[in-house]
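Structural overview for review
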Amino acid sequence: MTSSAPYASTSLADLLPALRYADPHLLAARLEDVRLPLGWWHATPLMETERVIGAEALSHQVAQALRSLWPHVELGDVIPVLRLLGTPGVEPGKTVAQVAREAGPGVVDGDRVLAEVFGSILDRLHQRGVPREESEGTCVRDAVAVIARWLPADAPAEVRAALAVLRGLEEQPADGPSPVPVPESVEDQTGDQSEAVELPAPREAFEDHDSTEDAEEPHVGDASPPPVPGLMAEPLAAFVRLVTDWDERGLVIAGQRTFTDEPMKLQYLGERFSVSRERVRQLERTVMGSVRRWLSADEDGRAFAGHLAAVAERLGTVGQVAEVHALHPDHARPVEAMGVPLGDIVARLLPGGTLVGSWIVQGDAAALRAVMQEELLAACGDTPLAWDEAVALGLRYGVRGEVLADWAADLGRFQVRDGRLLYWGRSLNDRAAAVLALHGKPMSMEDIHAQLADGTAINSMRNQIWTDERFLRVDRNLYGLRAWGGEEYLGIREMIAREIANAGGEAEVNAIAEAISSRFDVSAASVRTNLAGPGFARTRRGWVRVADETSEQDAPYVPRNDVAGTRRCFVGADGRWWYRAEMTADHLRGSGFPVPAGWAAHVGAAPQREPVQLRHEAGETSLTWRAQPTFGSVKPLLEHIGASVGDQVFFNVTDGHLNALRLPAPPDGLSPETGAARLTGWTAAVNPAEAVEVIARRIGMDPGQEGPALLERLAERGDKDIAELLERALSGAVPAF
């Protein structure tokens, strides 16, 4: 990522390397802030931290941590950059405690002076009104060389990173790429449990690399001028000069193991060269030691290190290997002796980078993926996120807008549509909900299906939407999200019953017909036809009510379809009927949810009657029937059985007691017949013939049913999900009994 601030991605741990090795619990007690991510000091850019809590608060937090955790350590050892900056008022060799004590007798005064020291570093780092000091007889390059010679051989990479940052502050133009340290190691990428290849630390500082002078030199072949400031004119020629002195073993190991996506096994290379696996490891260390020394000590190598720094600066926190190949014509060309494109080598040598598939990630790749996954899902999980807002979110983590769409897709099925970022979930239901959220208004089944454009059969999609409580049917063929609210369309007869109930139990025919036809895609004639059918009774001329089966108010309600004819209802071996519901986030949050009329009537509920009170193992709930039968919250019961989103939960009511059985989401690779039987609560594997027998018995049919008859009955009940799986299982060959 290119930024107006040269070191926008620098974190606190880059300036205080000791943070990477300190006890996390001690650090959390002193540095955690509810406004910042957990462990922010490792990866959150300092500029972002300052934006959230302010530079002054940040400096005081650091001061308190310094004084309490490292009081007897030299301040220059804890903050190595001080040795180069020479901050006024801090004498060399003073410990943290000594610097704090000299400020005054109190803890507050000590914290203040330490905070001022760190604040001056922030000012220099972000170029806030700090004048560049002119050297008096000693150039900056000499100062850097002195510091580099002072570094011990085992100095952490973060210390050298800070040194490189400070060198860039002194010498680099404001819009140039920041120097970054040469990589410390190349991780063993094979399946063997090999250690990381540790390489010796540099003993000298980098020399200047003037990309402008390089650009004026003659080019070899058809090399074009460097497309990015700071890149070498001919990096391939420089690297080829390095490997010219390598023997065959070194070239083979580098080309077929170290710098390739498909590294050769240690055992294979050992057999090829008649040496042990450990010897191959040693040879690989030797090869990479040669690269390391070349990058730090050779003129070509130092120029190549600057080239790597420019590439890393261009990519920012996240980049793709394909981008590296495109940054320079030489990157697409192979190093002939190794048979590997130079771009693959550059991608693996970038300082601080980790190769994750086709991505190059700076810092902790797993942590970055986790935190961005969480933030993106929170930002656009329910409502699509405007692209400029998504870009701003990505920039907080150093992810450039030009790669954000691909990075988000790789993180977790996020997708950019119509200039907005949305969560393109794993299930068909999730994707249909995303389409509706993107358009912001109800859509027909056909329109939703066209937007999915993933080859899913429309009948399968329709069944998924019908059985998912996130969706609300708002007209005969219009569906929206329940979260939007609005009136639910239940069918003509149910809508008539609702109108009568809302009118107090009796309503005028013309008023009912006009009210329903004006709100829904239903003709007034259809409403009148249904009013003349069973279920409604005339009270006086032109007025109707819902017909009573008996004159007694407590007579059992007889639904149009009994429980055996109701979708998602299944009978167990003990003769009890269970209703299946797929768990969503709304269920787990405690929202009520509708249940089919056939099952509700089976357990004793009826329209416009008193709610059915139910007890269960974790408390109580109720089944209420106004416009439709609806369960109250069953969140405590779901928590009790450990239900999660995607699980199938089967409910049964016996003697006023609500029972629930959890069936986890099925494993991958289930056969269609086993999947169909599983939706009825049968968990054992079955063949197609057994599936027909099990499913028929579970929906109350007599034994000995044939496949076509069962499919027809499933269609009548509305169990399209089971019917679709069973039809695939039978594949036209109907089992005989």
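So, here is what we can say about the structure in this document. Chains are numbered independently. Their residues run from 1 in the order of the written sequence. Local features are withheld for residues below a pLDDT of 70 in this predicted model, meaning they are given only at 70 or higher, and side-chain atom pairs are given and counted only at 80 or more; totals for whole chains, interfaces and linings count all residues. The side-chain quantities take in all heavy atoms of the structure and omit both hydrogens and water.

**Some words on the overall build of the protein chain**
Strands are runs of DSSP state E lasting at least two residues, helices are runs of H or I lasting at least four, and both sets are numbered from the N terminus onward. Check the secondary structure of the protein chain and you find 35 helices and 23 strands. Each of the 737 residues in the protein chain was classed as buried or not, and the buried ones make up 48%. Should any heavy atoms of two residues lie within 4.5 Å, those residues are considered in contact. Long-range pairs, those at least 24 residues apart, make up 59% of the contacts in the protein chain with a sequence separation of at least 6. All accessibility values rest on the Shrake-Rupley procedure with a 1.4 Å probe; residue burial counts only the protein chains present in the view. For the protein chain, the accessible surface area stands at approximately 34700 Å², while carbon and sulfur atoms represent 50% of it. Categorising residues by exposure relies on relative accessible area from a 1.4 Å probe, with only protein chains included: less than 20% of the type maximum marks a residue as buried, more than 50% marks it as exposed, and the intermediate range marks it as partly exposed.

**Things to note about the packing of aromatic side chains**
Two aromatic rings are characterised by how far apart their centres lie and by the angle between their planes. Between 30 and 60 degrees the pair is tilted, below 30 it is stacked and above 60 it is edge-to-face, where a pair is any two Phe, Tyr or Trp rings, Trp via its six-membered ring, whose centres lie within 6.5 Å. Within the structure shown, the criterion is met by 13 aromatic pairs. Their ring planes at 45 degrees and their centres at 5.2 Å tell us that W294 and F304 sit as a pair that is tilted. Taken together, the residues span a long stretch of sequence, with W294 in helix α16 (residues 277-297) and F304 in helix α17 (residues 299-315) at a distance of 10 residues. Exposure remark for W294: the relative accessible area of 6% places this residue in the buried category. Take F304: its relative accessible area is 0%, and that puts it in the buried class. An aromatic cluster is present here, built from Y579, F593, W599, F631 and F651 joined pairwise through their rings.

**Here we look at the sheet that holds strand β3 (residues 318-320)**
With antiparallel pairing, three strands are arranged side by side in an open sheet as β3-β7-β6. Taken across any chain shown, the strands that pair with only one partner, and hence form the sheet edges, are β3 and β6 (353-356). Ignoring which end each strand starts from, the neighbouring axes of this sheet average 25 degrees apart. Only strands that DSSP links by at least two bridges are regarded as paired with each other. Bridge count between β3 and strand β7 (residues 359-362): three bridges; the pairing is antiparallel. Bridge pairing in β7 links V318 to V361. Axis angles are defined between N-to-C directions and span 0 to 180 degrees, where every axis is a line fitted to C-alpha atoms and, for a helix, only to the segment in contact.

**Concerning helix α14 (residues 248-258)**
Most of α14 sits inside the fold, with eight of its 11 residues counted as buried. Every buried residue of α14 is listed here: G250, L251, V252, I253, A254, G255, R257 and T258.

**Description of the sheet that holds strand β9 (residues 414-417)**
Taken together, three strands build an open sheet; the order of strands is β8-β10-β9 and the sheet is antiparallel. A strand with exactly one partner marks an edge of an open sheet, and here the two such strands are β8 (385-386) and β9. Two strands pair when backbone bridges link them, and β8 and strand β10 (residues 420-423) are joined in this way by two bridges, in the antiparallel orientation. Bridged to L385 within β10 is L421.

**Some details on the packing of helix α33 (residues 688-698) against helix α34 (residues 707-717)**
For any two helices packed against each other, one specifies the inter-axial angle together with the distance between the axes. Orientation of α33 relative to α34, taken along the N-to-C sense of each, is 40 degrees, at an axis distance of 10 Å. Here α33 is positioned oblique relative to α34, judged by the angle of their axes. Read as a crossing pair, α33 and α34 show a hand that is left-handed. For the pair formed by α33 and α34, the contact residues are V692, I695 and A696 on the first element and G707, L710 and L714 on the second. Along the lines of polarity and charge, the residues of the contact of α33 with α34 split into five nonpolar, one polar and no charged. Should an angle fall under 35 degrees it is called roughly parallel, over 145 degrees roughly antiparallel, and 65 to 115 degrees roughly perpendicular, with every other angle called oblique. For any pair of crossing helices, the crossing counts as left-handed if the nearer helix is rotated counterclockwise from the farther one by less than a right angle, and right-handed if it is rotated clockwise. For this classification, Asp, Glu, Lys and Arg are treated as charged, while Ala, Val, Leu, Ile, Met, Phe, Trp, Tyr, Cys and Pro are nonpolar and the rest, including Gly, are polar.

**With respect to the nonpolar core**
Soluble, globular proteins show a tendency: their nonpolar side chains are buried together. Judged by nonpolar contacts, the single largest core of 38 residues is most densely connected at F239, W246, F304 and M338. Mapped by element, the contributors of at least two residues to this core are α13 (235-243), α14, α16, α17, α18 (321-327) and α19 (342-349). Top element by residues in this core is α17. It accounts for eight residues. Sequence-distant contacts of F304, that is, excluding residues within four places in its chain, are made with M232, P235, F239, W294, L295, L342, V346 and L349. Grouped together as the second largest cluster of nonpolar side chains are 34 residues, L15, L46, V117 and L122 included. Working definition of a nonpolar core: buried Ala, Val, Leu, Ile, Met, Phe, Trp, Tyr and Cys residues. They are joined through side-chain atoms within 4.5 Å.

**Let's talk about unusual backbone geometry**
Of note in the backbone geometry, S274 takes a positive phi value of approximately 60 degrees without being a glycine. Mapped onto the elements of the fold, S274 is located in the loop between α15 (266-273) and α16.

**Some details on the environment of L342**
Mapped onto the fold, L342 is located in helix α19. Here L342 falls in the buried class, since its relative accessible area comes to 0%. With 12 residues separating them in the primary sequence, L342 and D330 have C-alpha atoms 6.8 Å apart. Ignoring sequence-local partners within four residues, the contact set of L342 consists of P235, L236, F239, F304, D330, H331, R333, P334 and V335.

**Details of the packing of helix α20 (residues 365-380) against helix α21 (residues 387-396)**
Here α20 crosses α21 at 160 degrees, and the two axes come no closer than 11 Å. Classed by the angle they form, the pair α20 and α21 counts as roughly antiparallel. α20 and α21 meet at a crossing whose hand is right-handed. Contacts from M372, E375, L376 and A379 in α20 reach L393, G394 and R396 in α21. Split into classes, the residues belonging to the contact of α20 with α21 amount to four nonpolar, one polar and two charged.

**With respect to the environment of A676**
Within the secondary structure, A676 is located in helix α32 (residues 672-678). Judged by its relative accessible area of 0%, A676 falls in the buried class. Non-local contacts of A676, meaning those with residues more than four positions away in its chain, are made with I695, I722, L725 and L726.

**Concerning the pattern of salt bridges**
We define a salt bridge as a contact between a side-chain nitrogen of Lys or Arg and a carboxyl oxygen of Asp or Glu at a distance within 4 Å. On inspection of all chains with the given rule, the structure shows 30 salt bridges. Of the charged contacts in the structure, one is a salt bridge between R272 and E248, with a shortest N-O distance of 3.9 Å. Pair noted here: R272 is in helix α15 and E248 is in helix α14, with a separation of 24 residues, a long-range link. Between R697 and E693 there is a salt bridge, with the nearest N and O atoms lying 4.0 Å from each other. With R697 and E693 both in helix α33 and four residues apart, the pair spans about one turn of that helix. On the accessibility criterion, R697 (43% relative accessible area) is partly exposed. Several salt bridges share partner residues, and in doing so they unite R314, E323, R400 and E402 into one network.

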